[in-house]
Amino acid sequence: MTSGANVRVVPDGAALAEAAADEFLALAREAIAARGVATVALSGGSTPKAMFDVLAARGRDALAWDQVEVWWGDERTVPPDHPESNYGMAKRHLLDPLRIAATRVHRMQGERAPEEAARDYERSARDALGTPPVFDIVLLGMGKDGHTASLFPGSRGLEEGGAFVIANPVDSPLTNGPTVRLTMTFPAIAAARHTRFVVGGADKADALAGVLEGPRNQFPAQLVHGTDVRWLVDAAAAGKLTRSYS
Ligand code: 6PG
């Protein structure tokens, strides 16, 4: 990651959720004003949960939610009602509380054969958003190994330069061993109008310092490029950064 990375450090997890929600709403309002719709690709894991709860608490008046199309950057190969499902988490914390219509929700079908699910998801995204599919907002988290979306260290998805959505075999302690994940690829992420990493917690501090200040191409998150990539991090995650950021 170049030293020119755009990084905003906020005090703690609660401030991170608020700041991420503020950023999301501002970018979504901008997209709706410009094109009548905001297309967003959500990240999974635990970090976005607090942000989704903030968005739900602010209610339907905070944004023209009926003009938001919800997609995902990655998904586990589990059914939608599985505790590990990124869609399931978003449904509980965001989609249901804000009554987002199912017609505007485009989940990755983790219950299907992964290759078919990835192929169909890419086709849906390209039909809706062009080639490459251009999302207004791509939200990304980062694991303590520097993975993002489901582009894990050593996985073949890191080299994918053609497809926009793939079934990516991964084997990581963070996935409790071998599994297959559905994930957008770096070309899909790079096409986004706005890419926002949201990273919190001291367990991410080593990886974040490596990604932002270490040698290039050591971590998957360093391979994320785009027209507007910014980081929202809390002080704990930023604890090992040596440079000053915005
Ligand atoms: C997933 C995510 C993944 C996540 C990181 C961080 O499906 O798990 O998309 O990329 O953002 O693993 O996860 P936490 O927020 O749980 O630390």
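Up top is the structure these notes are about.
Residues numbered from 1 in each chain as written. Predicted model: local features only at pLDDT ≥ 70, side-chain atom pairs only at ≥ 80, totals over all residues. Heavy atoms only, no water.

## Details of the overall build of the protein
Helix and strand content of the protein: six helices and nine strands. Taking 246 residues into account, the globule formula puts the C-alpha radius of gyration at 18 Å, and the protein, at 17 Å, falls close to it. With the C-alpha coordinates aligned to their principal axes, the bounding extent of the protein is approximately 45 × 40 × 30 Å. With 246 residues in all, the protein has 54% of them scored as buried. (Helix = DSSP H or I, 4+ residues; strand = E, 2+ residues; numbered from the N terminus. Rg over C-alpha atoms; globule rule 2.2 N^0.38 Å. Buried < 20%, exposed > 50% of the residue type's maximum accessible area, 1.4 Å probe, protein only.)

## Quick notes on helix α4 (residues 114-129)
A turn of α-helix holds 3.6 residues, and therefore any two residues three or four places apart point the same way. With 16 residues, α4 should reach 22 Å at 1.5 Å per residue; the first-to-last C-alpha distance of 22 Å fits that figure. Residues of α4 that are buried include every one of Ala 117, Ala 118, Asp 120, Tyr 121, Glu 122, Ala 125 and Leu 129, and no others. Among the structural elements, β2 (38-42), β3 (68-72), β6 (165-172) and β7 (177-184) are those in contact with the buried residues of α4. Positive phi appears at Gly 130, one or two residues downstream of α4, with a value of about 90°. (Expected span 1.5 Å × (residues − 1). Contact = heavy atoms within 4.5 Å.)

## A short note on helix α6 (residues 205-213)
Among the nine residues of α6, eight are classified as buried, and the element is accordingly described as predominantly covered. Considered for burial, the residues of α6 that qualify are Ala 205, Ala 207, Leu 208, Ala 209, Gly 210, Val 211, Leu 212 and Glu 213. Residues of α6 that are buried in the fold lie against β1 (6-10) and β9 (229-234).

## Digging into the layout of surface pockets
The calculated volume of the largest pocket comes to roughly 730 Å³. Taken together, 34 residues make up the lining of the largest pocket; nearest its centre are Gly 45, Ser 46, Arg 76, Leu 174 and Arg 181. Those elements giving two or more residues to the lining of the largest pocket turn out to be α2 (47-58), β4 (74-76), α3 (86-95) and β7. The residue inventory of the lining of the largest pocket, partitioned by class, reads ten nonpolar, 15 polar and nine charged. (1 Å grid on protein atoms, 1.4 Å probe; cavity = no way out; pocket = protein on both sides within 12 Å on 5 of 7 lines; lining within 4 Å. Points joined across faces, edges and corners; volume = space filled by probe spheres on them. Nonpolar A, V, L, I, M, F, W, Y, C, P; charged D, E, K, R; others polar.)

## Re the sheet that holds β4
One open sheet holds the three strands; their spatial order is β4-β7-β6, and the pairing between them is antiparallel. Strands at the two margins of the open sheet, each flanked by one partner only, are β4 and β6. This sheet shows a mean twist of 30° between the axes of neighbouring strands, independent of strand direction. As judged from the three bridges shared by β4 and β7, these two strands associate in the antiparallel manner. Bridged to Asp 74 within β7 is Thr 183. (Pairing = 2+ DSSP bridges. Axes fitted to C-alpha atoms, helices over the stretch in contact; angles between N-to-C directions.)

## Some thoughts on the site of the ligand
Residues in contact with the ligand amount to 15 residues; listed here are only the nearest, Thr 47, Asp 74, Arg 76, Ala 149 and Lys 204. Ser 46 has a polar backbone atom sitting 2.7 Å from an oxygen atom of the ligand. The protein chains hide 87% of the 410 Å² of surface that the ligand would expose on its own. If you map the ligand onto the pockets, it falls in the largest pocket. The residue makeup of the shell around the ligand, split by class, is two nonpolar, nine polar and four charged. (Near = heavy atom within 4 Å. Polar contact = N/O pair within 3.5 Å; in protein donor to acceptor, adjacent residues only side chain to side chain. Areas by Shrake-Rupley, 256 points an atom, 1.4 Å probe, with all protein chains shown as cover. Sits in = over half its atoms within 2 Å of the grid points.)

## With respect to the nonpolar core
Residues Phe 24, Leu 42, Trp 65, Trp 72, Leu 212 and Trp 231 are the most contacted members of the largest nonpolar core, which totals 79 residues. If you tally residues by element for this core, the top one is helix α1 (residues 13-35), at eleven residues. (Core = buried A, V, L, I, M, F, W, Y, C linked by side-chain atoms within 4.5 Å.)

## Remarks on the environment of Phe 219
Take Phe 219: it is sitting in the loop between α6 and β9. Residues Phe 219 and His 147 lie 72 residues apart in sequence; the distance between their C-alpha atoms is 6.7 Å. Aside from chain neighbours lying at most four places away, what touches Phe 219 is Asp 145, Gly 146, Ala 207, Gly 210 and Val 211.

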